[in-house]
Amino acid sequence: MQRIIQINIAGRVIPIEENAYQLIKDYLNTLERQFASEDGQEEIIQDIENRIAELFSIRLQSGAPAIDKTDVEKVIATLGNPSDLHDSHGSAKSSASSNTNNNSQSSEQQYAQWQQYQQTKGRRLYRNPYDKILGGVCSGLAAYFDVDPAVVRLIFALLAFGLGVGFLAYIIAWIVIPVARTPEELNNMSGGTPMDFHTMTQNMGDELQDLKKRAEQMSKELKDFFSKKK
Amino acid sequence: MAVENTESQMRKGLLELCILGIIHTHKEAYPSDILEQLKDAKLVVLEGTLYPLLTRLKNAGMLTYRWEESMSGPPRKYYALTHDGLAFYEQLRKSWEELSKAVNHLASI
């Protein structure tokens, strides 16, 4: 059971579950420390708060009674973890921690917590929508095992022609492996929604539409290729 | 050396040019529009990296903004290029064209 509290973020009153509030508060605190050495720190945080308020409002308008932890995690995934935003401005962290030594928790510690949070989520298997021949299965597998996608594709192709199992294996992998959607998922090939029957059928529909387009394109390319040969 | 690391450095460097380019073509743009455009172009960025970048460009006098009320949430900031920003963008674009020409030339040998 969760207690729902009201918070004011960027001038909006948002009902939110207590543990979700804790999560978003920690997130904003970490960001504040990370940008502490920047001139426009307040403005950057304000912009991010505005965006959070907007994303929450959209969620509430779609019928959610209150923001819960999953909503907050999604918002954080969209905006990016402090650790991911951090390396874009080099020394921000070290100077931030010296300014906030009197606080109960230094930014170093919070940063370490975030990293831990990232690691517990670990690496996950996804299909890569930006590098695909059919469904992005091979490039997803390649990212997962840190090998060249071409090698994985070759193995699948050999299995398909040699034994016939490659084709079937590919189709199954296509169905069961979710596609990476958010930048975070793409970056780590990690996180994301667990597969249930509903999303699986929904994905199948999307993928079939997409495959149709790709097949048309491929046949056109093949035609061009052969007509050039003659 | 990880290829992802080099890739992300390249992307970061060019993000500024891309953002200025988007604002330039649309005359005015709201951060979510910019993200949408970047996503359409398959340039995947975290939203959180955009806000500091816009603020830095604004503080450097390259961008201005005005507030506009929104139906779905808090008021939005619409960014536009300043006179300096336009010159900066054109300069960046020119260097990018020269650079990409050079890189393509060298890579095709």
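To keep things clear, this report deals only with the structure shown in the data block.

**Details of the nonpolar core**
Formed by 27 residues in total, the largest nonpolar core has its most connected members in Ile16, Tyr27, Ile48, Ile52, Phe56 and Val72 of chain A. Contributions of two or more residues to this core are made by strand S1 (4–9), strand S2 (12–17), helix H1 (18–34), helix H2 (41–61) and helix H3 (69–79) of chain A. Listed in part, the 21 residues of the second largest apolar core include Leu38, Leu50, Leu54 and Met62 of chain B.

**Quick notes on helix H7 (residues 137–145) of chain A**
Residues and elements named next belong to chain A. Of the residues making up H7, those classed as buried are Val137, Cys138, Ser139, Gly140, Leu141 and Ala142. Its buried side turned inward, H7 meets helix H8 (149–162) and helix H9 (165–176). Positive phi appears at Asp146, one or two residues downstream of H7, with a value of about 60 degrees.

**Focus on unusual backbone geometry**
Residue and element names in this part refer to chain B. Even without being glycine, Lys27 reaches a positive phi, approximately 65 degrees. You can see Lys27 is positioned in the loop between helix H1 (3–26) and helix H2 (31–40). Exposure remark for Lys27: the relative accessible area of 63% places this residue in the exposed category. The phi dihedral of Lys42 is positive, around 65 degrees, even though this residue is not glycine. Tracing the chain through its elements places Lys42 in the loop between H2 and helix H3 (47–59). Given a relative accessible area of 54%, Lys42 falls into the exposed group.

**Let's talk about the interface of chain B and chain A**
Contacts between chain B and chain A engage 26 residues on the former and 29 residues on the latter. Both sides of the chain B and chain A interface together cover about 2,200 Å² of buried area, and 54% of this is carbon and sulfur. One can count six salt bridges joining chain B with chain A. It is H3 of chain B that provides the largest number of residues to the side of chain B that touches chain A, a total of nine residues. Considered class by class, the residues forming the side of chain B that touches chain A number 12 nonpolar, seven polar and seven charged.

What counts as what
- Residues numbered from 1 in each chain as written.
- Chains lettered and ligands numbered in written order.
- Predicted model: local features only at pLDDT ≥ 70, side-chain atom pairs only at ≥ 80, totals over all residues.
- Heavy atoms only, no water.
- Core = buried A, V, L, I, M, F, W, Y, C linked by side-chain atoms within 4.5 Å.
- Buried < 20%, exposed > 50% of the residue type's maximum accessible area, 1.4 Å probe, protein only.
- Helix = DSSP H or I, 4+ residues; strand = E, 2+ residues; numbered from the N terminus.
- Contact = heavy atoms within 4.5 Å.
- Buried area = accessible area lost by both parts, 1.4 Å probe.
- Salt bridge = Lys/Arg side-chain N within 4 Å of Asp/Glu carboxyl O.
- Nonpolar A, V, L, I, M, F, W, Y, C, P; charged D, E, K, R; others polar.

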